[in-house]
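# Descriptive structure summary
One letter stands for each residue in the lines below.
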Amino acid sequence: MPVSPESTQPLLCVSIHDVAPATWPDCLRLVQAIRAVADIPLTWLVVPHYHFRPERSAQMEACLDVARARGDELCLHGYSHLDTEANGGGLRGRFLRNVYTRREGEFAALEEAEARRRLELGMAWFQERGWTPEGFVPPAWLLGEGAWRALRTSGFKYVTTFSHFHCLESGRAVLSPSMVYAARNRSGRILSPRVADATARMLAQRPLVRFSLHPPDARYPELVRHIQQVLERLLAQREAVTKINCAYRLGAPGGEPPAGLTSPTSRHASGHTHSHSPDNSHSVHSAAYRPSY
């Protein structure tokens, strides 16, 4: 059930990304590590046809049914999690799509019609299983202009990019750079816990902290230990909620924005005006450090 939008208690959203049969064992290990700290509501970011693999897992779907019954949320996370579009745009865009995200940014360069088609395919896949996704998170947090236009008429309640939580019904967004690990290389495994700690300190007075976990994180005991330590610290100060509950609290239509919430046009520390438009998709990469996918 949606929580009351009047509450001003700072929030924590913990999400498991890239949920699919191919990643399911690692997803379970992440959940076990989280549950060892606290039994909190989670948001599972499910990919219907991960890397276009035809596999299906009755065990995974049964477990996700149980998760829903206990109060977790299932969120649509793209359709294939692969960028299949031709290269285009500037050098920065090509770098983000080809190198930085390893062609995982499925919605980075889609035309509006194709983005809408994939959203509809993803929603149909959910509905076949009796699930109704209310939120969307683009793979690698990349959204192009066509995808933004498709999302505005999709019926989703929220979208999250790397830097913001976007409440689609009210048009509001909260600045909340995601805490995330770079598990696929040694330097990332060393540096990203420090960056996560710095991000948590930076967001200490903000209304929302997002903690985004990926299946490869589960393969490294040092990262698992850090995840658990961070969770303990955050839960001492924040209430854990699903993303859809966060959307109801932070973006209830007709209410005043809580402290820390940005309006459709906001000014960031850099002093540049930043509009809530399709171009926002590029601002999500302005953080000093991000992992590769």
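Every chain is numbered on its own, with residues counted from 1 as its sequence reads. Residues qualify for local features only when their pLDDT is at least 70, as the model is predicted, and side-chain atom pairs are given and counted only at 80 or more; totals for whole chains, interfaces and linings, by contrast, use all residues. Values shown for side chains rest on all heavy atoms present in the structure; no hydrogens or waters enter the calculation.

Before going further, it helps to spend a moment on the overall build of the protein chain. The helix and strand labels rest on DSSP assignments: H or I over at least four residues marks a helix, E over at least two residues marks a strand, and numbering proceeds from the N terminus. In terms of regular secondary structure, the protein chain is built from nine helices and twelve strands. Evaluated residue by residue, the protein chain yields a buried proportion of 54% over its 293 residues. The contacts of the protein chain with a sequence gap of at least 6 include a subset with a gap of at least 24, amounting to 75%. Here the protein chain displays about 12600 Å² of accessible surface, and carbon together with sulfur accounts for 52% of that area. In this scheme, a residue with accessible area under 20% of its type's maximum is buried, one over 50% is exposed, and one in between is partly exposed, where area comes from a 1.4 Å probe on protein chains only. Whether two residues are in contact is decided by their heavy atoms: any pair within 4.5 Å suffices. Reported accessibility uses the Shrake-Rupley method at a 1.4 Å probe radius. Residues are deemed covered only where the shown protein chains occlude them.

Our next topic: the pattern of salt bridges. The term salt bridge refers to a side-chain nitrogen of Lys or Arg lying within 4 Å of a carboxyl oxygen of Asp or Glu. Enumeration according to the criterion identifies 17 salt bridges in this entry. Here Glu-134 makes a salt bridge to Lys-157, at a shortest N to O gap of 3.7 Å. Remark: Lys-157 occurs in the loop between α5 (145–152) and β5 (158–160) and Glu-134 occurs in the loop between α4 (112–128) and β4 (135–136); sequence separation between them is 23 residues. If you follow the salt bridges from partner to partner, you end up with Arg-35, Asp-39, Arg-70 and Asp-72 in one network.

What follows covers the packing of aromatic side chains. Two numbers describe a pair of aromatic rings. These are the distance of the centres and the angle of the planes. Only centres within 6.5 Å qualify two rings of Phe, Tyr or Trp (six-membered ring in Trp) as a pair; their planes then separate them into stacked at under 30 degrees, edge-to-face at over 60, and tilted for everything else. Counted according to the given criterion, the structure contains nine aromatic pairs. Measuring from ring centre to ring centre gives 5.9 Å for Phe-136 and Phe-156, while their planes differ by 35°; the resulting arrangement is tilted. Residue Phe-136 is located in strand β4, and its partner Phe-156 is located in the loop between α5 and β5; the two are separated by 20 residues in the primary sequence. By relative accessible area, Phe-156 is classed as buried at 4%. Pairing Tyr-158 with Phe-165 gives two aromatic rings, centres 5.2 Å apart and planes at 25°, and the pair type is stacked.

This part covers the nonpolar core. Counting 51 residues, the largest nonpolar core has Trp-44 and Phe-211 as its most contacted members. Discounting residues that sit within four places of it in the chain, Trp-44 has contacts with Ile-16, Val-19, Trp-24, Val-31, Leu-64, Ala-67, Asp-72, Glu-73, Leu-74 and Cys-75. Buried Ala, Val, Leu, Ile, Met, Phe, Trp, Tyr and Cys residues that are joined via side-chain atoms within 4.5 Å together make up what is termed a nonpolar core. Ranked by size, the runner-up nonpolar core spans 18 residues in total, among them Cys-75, Cys-167, Leu-208 and Ala-247.

The subject of this paragraph is the environment of Arg-219. Assignment of secondary structure puts Arg-219 in the loop between β8 (208–213) and α7 (221–235). It is 8.4 Å that separates the C-alpha atoms of Arg-219 and Ala-183, two residues lying 36 residues apart in sequence.

Note that a disulfide, as used here, is simply two cysteine sulfur atoms within 2.5 Å. The tally for this structure, following the rule as stated, stands at zero disulfides. Among the cysteines around Cys-246, which has no disulfide bond, Cys-13 carries the closest sulfur, lying 4.1 Å off.

Attention now goes to unusual backbone geometry. Here the phi dihedral of His-81 falls at roughly 65°; this positive angle occurs in a residue that is not glycine. Structurally, His-81 is set in the loop between β3 (73–76) and α3 (91–100). Residue class for His-81 comes out buried when judged on its relative accessible area of 2%.

As a further point, take α4. Helix span, as expected, comes to 1.5 Å for every residue beyond the first. The first and last C-alpha atoms of α4 sit 24 Å apart over 17 residues, in line with the 24 Å expected at 1.5 Å per residue. Of all the positions in α4, only Ala-115, Arg-118, Leu-119, Gly-122, Met-123, Trp-125 and Phe-126 are classed as buried. Summarising the axial view, the buried residues of α4 lie within an arc of 155°, below the 170-degree limit, and thus occupy one face. With respect to the buried face of α4, the exposed residues turned more than 90 degrees away are Ala-113, Gln-127 and Glu-128. Those residues of α4 that are buried are in contact with β2 (43–46), α2 (58–69), β3, β4 and α5. Looking one or two residues past α4, Gly-130 carries a phi angle of roughly 80°, positive in sign. Throughout, the arc means that of the directions going from the helix axis to the C-beta atoms.

With that out of the way, let us pick up the pairing of β2. Going residue by residue along β2, you find Thr-43 and Leu-45 tucked away on one face and Trp-44 and Val-46 tucked away on the opposite face as well. Each pair of strands is called paired provided DSSP finds at least two bridges between the two strands. Sheet topology note: the strand β1 (residues 11–19)/β2 ladder contains three bridges and is parallel. In the sheet register, Ile-16 faces β2, and the bridge partner there is Trp-44. Sheet topology note: the β2/β3 ladder contains four bridges and is parallel. Each bridged residue has a counterpart across the sheet, and for Val-46 the counterpart in β3 is Leu-76. By convention, orient the strands away from the viewer: a clockwise path from the first strand over the helix to the second makes the crossover right-handed. Where the polypeptide runs from β2 across α2 and back to β3, its parallel neighbour, the crossover connection is right-handed.

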